[in-house]
Amino acid sequence: MATWILVPCLGRLRQELNSIAPGRDKSSDGTIGDTAHRGRVSDHNDDEVGKVPIRDADSKHEVHAIDLDVDLREPNLTMEMVVQHVVGRCRGGAERRLRYVIYNRRIWEASQGWRQRAYSGDNAHTQHAHFSASYDTKLEASTASWHLEDIPVALTDADKKWLAAQIDRAATSAAERVWKTKWNINFAPGAKPYVAEAGSIVAHVPGEHTRTEEMVAEINTKVDKLLGQAPSTQA
Ligand SMILES: [Ca+2]
Ligand SMILES: [Ca+2]
Ligand SMILES: [Zn+2]
């Protein structure tokens with residue numbers, strides 16, 4: 001029996017999903033079709049010998065579809081988010097490597113402008129999402145990024161608290177470092193350092209005080225932006 005390959009673009013999609021959801025369940029993953037698939041036209045069949053919707057330009061034995069298990073085992077990441085991200089990029093024209101996606105009783109097709117439509121096939125696709133790839137030689141072979149790492153993952157309140165504490169600690173130690181550095185270079189080598197509290201040091205070096213305040217303000221802006229970007233969406 002001829003060996004077959006999964007078209008490289010879908011291999012890359014799976015690889016990216018593995019990297020954003022390393023502990024994901026793979027029990028409903030699938031590539032080459034089983035006996036049931038072989039009886040009908042399916043992108044899961046070997047495109048050189050099986051029933052497929054399109055005859056491609058090469059003679060490579062390829063499978064043009066992948067099923068990916070819905071259970072990502074990540075607290076803030078769902079297959080719905082992955083599907084919406086991928087379909088959104090297809091709809092916007094940034095992504096051209098897919099022909100259609102089926103997930104949870106819905107289908108999105110290139111031929112339909114990636115509009116969401118109800119899917120009423122035998123398999124409702126509640127356990128896996130199905131991605132059908134292009135048969136175009138260049139597109140099927142492209143391992144360009146699917147940008148799954150750009151999926152905005154909601155932070156939990158616990159995440160936010162942890163993040164805020166980390167940033168606060170980092171800001172404090174950065175400020176201390178600035179003060180200490182400034183203090184040391186103000187002294188001639190060998191001179192006895194004047195031990196003062198940070199507050200007094202700041203009073204002696206107003207320029208540094210301003211700079212530190214600016215740094216803290218900058219960090220605060222970043223924290224606000226970060227927290228604002230990721231509203232808690234726990235329903
Ligand atoms: Ca082929
Ligand atoms: Ca091909
Ligand atoms: Zn499938």
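Cut-offs used in this document
- Residues numbered from 1 in each chain as written.
- Chains lettered and ligands numbered in written order.
- Predicted model: local features only at pLDDT ≥ 70, side-chain atom pairs only at ≥ 80, totals over all residues.
- Helix = DSSP H or I, 4+ residues; strand = E, 2+ residues; numbered from the N terminus.
- Buried ≥ 20, exposed ≤ 12 C-beta atoms within 10 Å, placed from the backbone.
- Contact = placed C-beta atoms within 7 Å.
- Expected span 1.5 Å × (residues − 1).
- Arc of directions from axis to C-beta.
- Pairing = 2+ DSSP bridges.
- Axes fitted to C-alpha atoms, helices over the stretch in contact; angles between N-to-C directions.

Engineer: With reference to specific residues and values, describe the overall build of the chain.
Structural biologist: The helix and strand inventory of the chain stands at seven helices and seven strands. Taking all 235 residues of the chain together, 23% fall into the buried category. Across the chain, contacts joining residues at least 24 apart in sequence account for 67% of those joining residues at least 6 apart.

Engineer: Which residues make up helix α1 (residues 8-20), and what values do they have?
Structural biologist: The end-to-end C-alpha separation of α1 is 19 Å, in line with the 18 Å expected for 13 residues at 1.5 Å each. Regarding α1, the residues found buried are Cys9, Leu10, Leu13 and Leu17. Buried residues along α1 cover an arc of 100 degrees about the axis, so they all sit on one side. For α1, the exposed residues set more than 90 degrees away from the buried face come down to Gln15 and Ser19. Turning to α1, the residues buried within the fold contact β1 (5-6), β3 (65-69), α3 (79-91), β7 (128-133) and α4 (137-141).

Engineer: Now, about the pairing of β7: what can you tell me, with residues and values included?
Structural biologist: Burial runs high along β7: six of the six residues are buried. Neither face of β7 is exposed, since His128, His130 and Ser132 on one face and Ala129, Phe131 and Ala133 on the opposite face are all buried. Two strands pair when backbone bridges link them, and β3 and β7 are joined in this way by five bridges, in the antiparallel orientation. In the strand pairing of β7, Asp67 is matched with His130. Here strand β4 (residues 98-103) runs beside β7; their pairing, made up of four bridges, is antiparallel. Across the sheet, residue Val101 finds its bridge partner in β7, namely Phe131.

Engineer: Outline the sheet that holds strand β6 (residues 116-118), supporting the account with residue identities and numerical values.
Structural biologist: Here we have five strands laid out as an open sheet, ordered β3-β7-β4-β5-β6, and antiparallel in their pairing. Two strands close off the open sheet at either side, each with one partner strand: β3 and β6. Strand-to-strand twist across the sheet, computed as the mean angle between neighbouring axes with direction ignored, equals 20 degrees. The pairing of strand β5 (residues 106-109) with β6 spans three bridges and is antiparallel. Bridging from a neighbouring strand, Trp108 pairs with Gln116 of β6. Strand contacts of α1: β3 and β7, with the helix running at about 10 degrees to β3, the strand carrying the most contacts. Across the sheet, α3 touches β4, β5 and β7, and the angle it forms with β4 is around 155 degrees.

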